[in-house]
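Analysis of the macromolecular model
Residues per chain, in single letters:
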Amino acid sequence: LNGSADTPVKLMIQRKGQDKPFEMTVTRRQVEGIYREFPIYDVYEDRDGAFWFGLADRQAGLPEGCEIVRYDIQGARAGDARACQLYTKKDGLDIDDGPHITQTRDGVIWTVFDGGGGVNRFDGKTLRHGSGQAWTHFRLSDLGGNDLNTSILATKDGTLWVGGYGALHALR
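These numbers come from a predicted model, not from an experiment.

Turning next to the pattern of salt bridges. The final tally for this structure, using the stated rule, is 4 salt bridges. Salt-bridge contacts for Lys-10 lead to Glu-23; the nearest nitrogen and oxygen are separated by 3.8 Å. Of the two residues, Lys-10 is situated in strand S1 (residues 8–13) and Glu-23 in strand S2 (residues 22–27); the sequence distance between them amounts to 13 residues. Assessed through its relative accessible area of 61%, Lys-10 is described here as exposed. Accessibility expressed as a relative area gives 46% for Glu-23, which makes it partly exposed.

Following this line, the structure appears as structure tokens:
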């Protein structure tokens, strides 16, 4: 995307499950102010077409450790200021290194992190009472499991599979 500011760039995007790619035009912008890294560890497209980015770890220079970013393309096109949202520990994420993201059929977004910390849940509606935090969290170790989780997958039958070091959990 190198080039002069305020000039358009055409991108061809191929989405999984779509027969044909589509074209998107973005405009280069001059970046001013403080630059920070955007070290992407995982990308997930939810059922509404928003992208969720799991940003890497403290070694990459993120002040809060890992972070989750939700980017709503449709909202951005409409000029919605909430089209890009950043979630950190302040929002209730119990986060460490290497985020992984999925969505269950009820629309809930789930994350796990390689470095431990259990499972995070975001339904987009519920705020934890009195905290103002968007994410809820629980530890699989409280259920007799393991908190070092390296993968997460939601299947069509509604099961949330969480895999980790020496353990595979099925949450229904």
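There is more to say, and it comes next.
With that settled, consider the side chain of Gln-103. Counting through the fold element by element, Gln-103 comes out in strand S7 (residues 99–103). Looking at Gln-103, the relative accessible area reads 10%, which means it is buried. Within polar-contact distance, the side chain of Gln-103 engages the backbone nitrogen of Arg-47 at 2.8 Å. There is a polar contact of 3.1 Å between the side chain of Gln-103 and the backbone oxygen of Gly-107. Discounting chain neighbours no more than four positions away, the residues touching Gln-103 are Tyr-44, Asp-46, Arg-47, Val-108, Ile-109 and Ala-154.

Right, let's get into the side chain of Asp-147. Position of Asp-147 among the secondary structure elements: in the loop between strand S10 (136–138) and strand S11 (149–154). One polar contact links the side chain of Asp-147 to the main-chain amide nitrogen of Leu-140, over a distance of 2.9 Å. Engagement of the side chain of Asp-147 in a polar contact is seen with the side chain of Ser-141, the distance being 2.6 Å. Apart from the residues within four sequence positions on either side, Asp-147 is in contact with Gly-116, Gly-117, Gly-118, Arg-139, Leu-140 and Ser-141.

Moving on: unusual backbone geometry. Trans is the common state for peptide bonds, and a negative phi is the common state for residues other than glycine. At Asp-6, a position not held by glycine, the phi torsion is positive, near 65°. Note on placement: Asp-6 falls in the segment before S1.

Let us look at the packing of aromatic side chains. A complete count under the given rule lists 8 aromatic pairs for this structure. The interplanar angle of 15° and the centroid separation of 6.2 Å between the aromatic rings of Trp-52 and Tyr-87 together place this pair among those described as stacked. Placement of Trp-52 in strand S4 (residues 51–55) and of Tyr-87 in strand S6 (residues 84–87) is noted, with a sequence separation of 35 residues between them. Owing to a relative accessible area of 1%, Trp-52 belongs among the buried residues under this scheme. For Tyr-87, a relative accessible area of 7% gives the class buried. Through pairs of rings, three or more aromatic residues link up here, namely Trp-52, Tyr-87, Phe-122 and Trp-135.

The biggest cluster of nonpolar side chains holds 13 residues, and the ones touching the most others in it are Trp-52, Ile-68, Tyr-87, Leu-93, Ile-109, Phe-122 and Trp-135. Ignoring anything within four residues of it in the chain, the contact list for Phe-122 reads Trp-52, Tyr-87, Val-108, Ile-109, Ala-134 and Trp-135. Core analysis: the second largest hydrophobic core is formed by 8 residues, Val-112, Val-119, Leu-140 and Val-162 among them.

The sheet built from 4 strands is open, its strands ordered S3-S4-S5-S6 with antiparallel pairing. Either end of the sheet is taken by a strand with one partner, and the two such strands are strand S3 (40–45) and S6. Recorded for the sheet is a direction-independent mean angle of 15° between the axes of neighbouring strands. Note: strand S5 (residues 67–71) against S6, 4 bridges, orientation antiparallel. When the bridges of S6 are listed, Val-69 appears paired with Leu-86.

Reading guide: rules and limits
Residues numbered from 1 in each chain as written. Predicted model: local features only at pLDDT ≥ 70, side-chain atom pairs only at ≥ 80, totals over all residues. Heavy atoms only, no water. Salt bridge = Lys/Arg side-chain N within 4 Å of Asp/Glu carboxyl O. Helix = DSSP H or I, 4+ residues; strand = E, 2+ residues; numbered from the N terminus. Buried < 20%, exposed > 50% of the residue type's maximum accessible area, 1.4 Å probe, protein only. Polar contact = N/O pair within 3.5 Å; in protein donor to acceptor, adjacent residues only side chain to side chain. Contact = heavy atoms within 4.5 Å. Phe/Tyr/Trp six-rings, centres within 6.5 Å; stacked < 30°, edge-to-face > 60°. Core = buried A, V, L, I, M, F, W, Y, C linked by side-chain atoms within 4.5 Å. Pairing = 2+ DSSP bridges. Axes fitted to C-alpha atoms, helices over the stretch in contact; angles between N-to-C directions.

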